[in-house]
Amino acid sequence: MKRKIALFDFDKTVIAKDSILILYEKTAKKKPGFRRNLYRHCLGHVFAGRRDDLKKAIKEEFLSMIGHYTPAELKAFVKDNVMAYAFEEAIEEIRRLKAEGYYLMLVSASAQDYLQYIKDFLPFDHIIGTETDAEYRIVGENNKHAVKVDNILAHLTEKGIEIDYDNSVAYSDSLSADRPMLELVKHRYLINAAVIPEGYTKLSWSKQKAYRR
């Protein structure tokens, strides 16, 4: 069945800041010594010459922060900290699309461990983030670039949904990061981008205020 789909990146698209940095700032205040230990571990990977998977190793060091929080605390973190950075324009757009019958998907490289709670505050039908194991190491591949497309299509196939290309929309702050996802649909929006290529539309989002249901 064909449906209108709305695809959203998250960091700097729905919110104005990288969510992992918001968690980092909170954890550094909560856990004395965490910042020092994190930097030491990251430098250890650099000096070990881990070139091929250095980015993954460093991301996993940051993801280890999640282990300091219970599920309830992660949900509160999303509500009180992450949603404080939400673009008002993004919230309005998401709610408008939902009211118009779009199937809304949030697709991000951010960790599913906390990203899943966005669904409690914004009306996404499905959320896909980077999966982690019990030790907060990445399971499979980081959910970015072409991996996003694979995960989107796998979910839609499971749901028996085909993208209505001509009437579907996608939003991201980064063409270089999300071109494969954006090209799944006809209407492609770049948030606060400096350069807008042909076939894309720029949206300037800047309003931030405390989240309200």
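From a predicted model like this one, the values you see are computed outputs, not experimental measurements.

Chemist: Which residues make up unusual backbone geometry, and what values do they have?
Modeler: Within the chain, Y136 stands out as a residue other than glycine whose phi angle is a positive 65°. In this fold, Y136 is placed in the loop between β4 (126-130) and α7 (146-159). Judged by relative accessible area, Y136 falls into the partly exposed class, the value being 21%. In this structure, H145 is a non-glycine residue whose phi angle is positive, near 50°. Of note, H145 is situated in the loop between β4 and α7.

Chemist: Report on the sheet that holds strand β3 (residues 103-111), specifying residues and quantitative values.
Modeler: Adjacent strands of a sheet form backbone hydrogen bonds with each other and so pair up, either parallel or antiparallel. Here 6 strands make up an open sheet; going across it, the order is β4-β3-β2-β6-β7-β8 and the pairing parallel. What marks the edges here is a single partner per strand, and that holds for β4 and β8 (200-203). Sheet twist, expressed as the average angle between the axes of neighbouring strands with direction ignored, equals 20°. In terms of strand pairing, strand β6 (residues 169-172) meets strand β7 (residues 187-191) through 4 bridges, oriented parallel. Its bridge partner being in β7, Y171 is matched across the sheet by Y189. On top of the sheet, α7 reaches β2 (5-8), β3 and β4; it is set at about 140° to β3, its chief contact.

Chemist: Before we move on, can you summarise the pairing of β6 with the specific residues and values?
Modeler: Residues V169 and Y171 line one face of β6 and the alternating positions A170 and S172 line the opposite face, and both faces are buried. Sheet analysis places β2 next to β6, joined by 3 bridges and oriented parallel. Residue pairing in the sheet places F8 in a bridge with Y171 of β6. Tracing the backbone out of β6, into helix α8 (residues 175-182) and back to the parallel element β7 gives a crossover that is right-handed.

Chemist: Give a detailed account of the environment of H155, specifying residues and quantitative values.
Modeler: Position of H155 relative to the elements: it lies in helix α7. Placed 50 residues apart in sequence, H155 and M105 show a C-alpha to C-alpha distance of 10.0 Å. Excluding residues that lie within four positions of it along the chain, H155 makes contacts with Y103, M105, H126 and I128. Of the polar contacts made by the side chain of H155, one reaches the side chain of H126; its length is 3.3 Å.

Chemist: Can you break down helix α4 (residues 71-82) residue by residue, with the values?
Modeler: Among the residues of α4, those classed as buried are L74, F77, V78 and V82. Angularly, the buried residues of α4 cover 95° about the axis, an arc narrow enough to put them on a single face. Buried residues along α4 sit against α1 (19-30) and α6 (112-115).

Chemist: Could you give an account of the nonpolar core, with specific residues and numbers?
Modeler: Ranked by internal contacts, the top residues of the largest apolar core, which has 43 residues, are F8, V14, L106, I118 and F124. For this core, the domains that each give at least three residues are domain 1 (2-16 + 86-203) and domain 2 (21-76). Excluding its chain neighbours within four sequence positions, the residues that come into contact with F124 are F8, I94, L104, M105, L106, I118 and K119. If you look at the next biggest cluster of nonpolar residues, it comprises 20 residues, including L7, Y103, I163 and A170.

The rules behind these values
- Residues numbered from 1 in each chain as written.
- Predicted model: local features only at pLDDT ≥ 70, side-chain atom pairs only at ≥ 80, totals over all residues.
- Heavy atoms only, no water.
- Helix = DSSP H or I, 4+ residues; strand = E, 2+ residues; numbered from the N terminus.
- Buried < 20%, exposed > 50% of the residue type's maximum accessible area, 1.4 Å probe, protein only.
- Pairing = 2+ DSSP bridges.
- Axes fitted to C-alpha atoms, helices over the stretch in contact; angles between N-to-C directions.
- Contact = heavy atoms within 4.5 Å.
- Right-handed = clockwise from strand over helix to strand, strands pointing away.
- Polar contact = N/O pair within 3.5 Å; in protein donor to acceptor, adjacent residues only side chain to side chain.
- Arc of directions from axis to C-beta.
- Core = buried A, V, L, I, M, F, W, Y, C linked by side-chain atoms within 4.5 Å.
- Domains from an automatic or database assignment.

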